[in-house]
Each structure stands twice: as C-alpha cells, then as structure tokens.
Amino acid sequence: MSKTLIRGAKILGGEAKDVLVDGETIAAVGTGLSAEGATVVDAEGQILLPGLVDLHTHLREPGREDSETVLTGTRAAASGGYTAVFAMANTFPVADTAGVVEQVYRLGREHGYCDVQPIGAVTVGLEGRKLAELGAMHESAAGVTVFSDDGKCVDDAVIMRRALEYVKAFGGVVAQHAQEPRLTEGAQMNEGVVSAELGLGGWPAVAEESVIARDVLLAEHVGSRVHICHLSTAGSVEIVRWAKSRGIDVTAEVTPHHLLLTDEMVRTYNPVYKVNPPLRTERDVMALREALADGTIDIVATDHAPHPHEDKDCEWAAAAMGMVGLETALSVVQHTMVDTGLLDWAGVADRMSARPAAIGSATGHGRPVSEGEPANLTLVDPAYRGTVDPEGFASRSRNTPYEGRELPGRVTHTFLRGRATLIDGKLA
C-alpha cells in the first residue's frame, strides 16, 4: 500500500498541517509527521479540501461520444478537483432502465479517475408520460438514489407527485429541471431589457419560479425530498427560502456560470453564452451569491454540458444550449464567493463536497479531512492566476464561456481513495 505525505497544507483554509495518507485512508493529521516511506507533496500555501462532488454532470455516454465520454468526462472532473460526479440521464438511450445505469456505473469504475454515480430518468424516454423503472434502478448495482429528467421538466403535476411518492420509500430524491414548457416556447435568452433590445425570444423568470413553487408544495404534501437543479433567479431564491422556513425538504443548486455571467453577454451573439436556464440579470446574480452564502442554496453544481464544435459554432438560434464547467468551477467559485468574502474555504468544502455528497448519498465522499476518513482529497493553490485556455482541457469539448478570461486558483492535486489522479496539475 502506498503512502503520501501532504506537507504544510491549510486544511479548509485553516492552520497548516501535515496529512499522511496510507493506502485508501487518512492515517494521521498533525505537524512534523514522518515522511518515511512516503511520497512527499509540498503543499505550503495551498488549501486542502475534501474531494469535490458534482451532483449535475452530463457525461453524454452512451450515444453522444462525440461530445464527451465517461473517460474524458471523469478526466475533466479529476482536473477540476472532483472525486465523484453524478451523471445525468439524458443519454442515448436514456438512462431509464437498470441496464443503462449499470453500464454508466461500470464505465466509471473501469476508468477510475473519479467515482461515477448515474442519475436515473424520472420518466420513460424523458417524455414525461410514464414513470421509469425507479425501483429497479435503485436496486441495481448502480444503486441509484437521484432521479431527474434534466434537460426537460417533469411538467405534469400528477407524474411529479407519483415520482416523489415512489422515491420516498427508499430515501431517494427527485431533481427537477424547473422550466414550464409552455412559457418558454421559442425562448432564446432571459426575458428582459436585453432580449427586447436584441429581438430574441424571452425566457421569463416565472417559467422557473412557478414550477419550483408547485414542486415544493408537492414535496410538502407527500413528505418527500425534492432538489431544484440550476436555480437561476432572485424569485426562485425567495421561494426556496420560504419553503425551507416551512420545513419542506427541499435542496437547491446553483451553477458557477450563474454566479458570474449575466444576460449582457448575449449582446455578442456568441452561442457559447447560450445555456439552459439562460444567463439572467446582475440582480439575479447577486441574489444567487447571497443565497449560496447564507445556505438557502445548498450546493454548487456544474451542469457540465459538453457539445462538439459544430453544435455551438453556428448562428445563435440553431446552437445547442450548455457550457462545460468541471475544469473551471472551483476557480469561478473562488472568484465570486471566496475572493469577495462571501464564503471561506470551509464554506466551499461544505457547498462543493459535503452537502452534494449528502444529497446524493455518495458514500465515502464529502467527509472531514481527519484521521480514519477515506482519502478523497483536493489540493488548491489559491494564489495562482491564469488565463483559461480550452485547448488544455481534458474534456472532449471546448464550449467554455471563460476562454481568454483570467481566473484565480488552480487545482494541483486530486486524490481518489489515496491514489493521485492529478499531480502538479497533470493527470496521472
């Protein structure tokens, strides 16, 4: 069994300590630990976090391997400091059966750059008409606990209620893509001043907020858990805050891009800024940051959505929606939340590791950096400043909105159960 001594790292941004990893476990935490028989990582000035967990990743396999594969996606995850990702169900075929989720789960285990936990579809074919095999997917080798039709909304209230009732039996959660489809027909961007000036079809905030309001009430009625994907408006924040004040079992996520970018970016007509839900206003961005800081929004999730060049390098109306995010997420969170004083590094560990692991029941992840815990770890150099170059991405796709932008922070090392998957910023 190999040993690694991480020397002088600031655990969660606190006091510098040594961390000895022996095999798959943290063997000791302290000062002046012996390096005998161990590979030494000099981590002076760096932050040591529990391995990051992403509750919302699109790995595209099976069916769209031209965009991403489980291998390339998990390599991107390791590059970004992630030790576990939850793979969304909108693949081809859809992950709506035990067979498909087991295929994705086994691919993740074979490649080994991070743990892959499949998310099962709520409805057959994501069509919103009939519940998928929720129980069979949960009882499969993949042990699915999170279900989502992400990319599409479960807009039928009866189907949503039945899904919430079903997953309650085994402690599962339904993750809702909140988008009332009738209110977003022909929508191209956030509905507001910019959409009016550009003449692009508007995507109203109420299309998101009305679904969230319905679903938190359904969750309260059923006594089940609901999770809100990629929350994007100030109004959505207030609804979730109200629901939590009533004791409703709701959790919510925000993406890095919704913490930083606004609909003003769309004035360039660059399809890299086309995303679902759309980029909102500066007011929304500030509300999302404050809600993440105060815990109304529970987690940061990337919504890593890779697309091949031809699906994004075209006119705005024809372009696919989505951005890659695994390799830049932590830098964006440092820029928007840490460097602004809204979160400390312990808060980052909570929002990007502990809470997503808890919501998704990711065993062994999101644990404290302490003796006896699994050695799923991420080292970050917060002083680093660099320009984003997508040509260096591990992801198969390059559709990042940050190309050429300077962002802070750099993941230097990622450890999955004690094995280094990233060393000095390079994949192992």
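So, here's what we can say about the structure. (Residues numbered from 1 in each chain as written. Predicted model: local features only at pLDDT ≥ 70, side-chain atom pairs only at ≥ 80, totals over all residues. Heavy atoms only, no water.)

### Points about the nonpolar core
Reasoning step 1: Leu49, Leu330, Val348 and Met352 are the most contacted members of the largest nonpolar core, which totals 76 residues.
Reasoning step 2: It is helix H6 (residues 205–222) that provides the largest number of residues to this core, a total of 6 residues.
Reasoning step 3: Ignoring any residue separated from it by four or fewer positions in sequence, one finds Leu49 in contact with Leu12, Leu330, Trp345, Val348, Ala349, Val369, Asn376, Leu377, Thr378 and Val380.
Reasoning step 4: One finds Leu200, Leu261, Leu279 and Met323 within the second-largest nonpolar core, a separate group that totals 19 residues. (Core = buried A, V, L, I, M, F, W, Y, C linked by side-chain atoms within 4.5 Å. Buried < 20%, exposed > 50% of the residue type's maximum accessible area, 1.4 Å probe, protein only. Helix = DSSP H or I, 4+ residues; strand = E, 2+ residues; numbered from the N terminus. Contact = heavy atoms within 4.5 Å.)

### Quick word on the sheet that holds strand S7 (residues 82–87)
Reasoning step 1: The parallel open sheet is built from 3 strands, whose spatial order is S6-S7-S8. A single partner strand is all that each edge strand has here, and the edge strands are strand S6 (52–57) and strand S8 (115–118). The average angle at which neighbouring strand axes cross in this sheet is 20°, direction not considered.
Reasoning step 2: As defined by bridge partners, S6 adjoins S7 across 4 bridges and the pair is classed as parallel. Bridging from a neighbouring strand, Val53 pairs with Ala84 of S7.
Reasoning step 3: Here helix H2 (residues 98–111) sits on the sheet and contacts S7 and S8; the angle it forms with S8, its principal contact strand, is near 175°.
Reasoning step 4: The sheet contacts of helix H12 (residues 345–360) involve S6 and S7, and relative to S6 the element is tilted by about 55°. (Pairing = 2+ DSSP bridges. Axes fitted to C-alpha atoms, helices over the stretch in contact; angles between N-to-C directions.)

### Some remarks on the sheet that holds strand S10 (residues 173–176)
Reasoning step 1: Taking strand neighbours across the sheet as the criterion, the 5 strands line up as S9-S10-S13-S14-S15 in an open arrangement whose pairing is parallel. Each having just a single partner strand, strand S9 (146–147) and strand S15 (299–300) make up the two edges of the open sheet.

### What to know about the packing of aromatic side chains
Reasoning step 1: Under the definition given, this model contains 2 aromatic pairs.
Reasoning step 2: With 6.5 Å between their ring centres and 70° between their planes, Tyr166 and Phe170 make a pair best called edge-to-face.
Reasoning step 3: Note on Tyr166: relative accessible area 41%, which makes it partly exposed.
Reasoning step 4: One aromatic cluster in this structure is built from Phe147, Tyr166 and Phe170.
Reasoning step 5: Taking NZ or CZ as reference, Arg410 lies 5.6 Å from the ring centre of Tyr384, over its face. (Phe/Tyr/Trp six-rings, centres within 6.5 Å; stacked < 30°, edge-to-face > 60°. Lys NZ or Arg CZ within 6 Å of the ring centre and 35° of its normal.)

### Quick notes on unusual backbone geometry
Reasoning step 1: In this structure, Pro93 follows Phe92 across a cis peptide bond, with omega equal to 5°.
Reasoning step 2: Tracing the backbone through its elements, the reader meets Pro93 in the loop between S7 and H2.
Reasoning step 3: Along the chain, Asn276 connects to Pro277 via a cis peptide bond; the corresponding omega equals -5°.
Reasoning step 4: Relative to the elements of secondary structure, Pro277 occurs in the loop between helix H8 (256–260) and helix H9 (282–294).
Reasoning step 5: Notably, His230 is not glycine yet its phi reads approximately 25°, a positive angle.
Reasoning step 6: Mapped onto the fold, His230 is located in the loop between strand S13 (226–228) and helix H7 (234–245).
Reasoning step 7: Despite not being glycine, Ser361 shows a phi value in the positive range, around 55°.
Reasoning step 8: With respect to the helices and strands, Ser361 occurs in the loop between H12 and strand S16 (377–387).
Reasoning step 9: Classification of Ser361 by relative accessible area gives partly exposed; the value is 43%.

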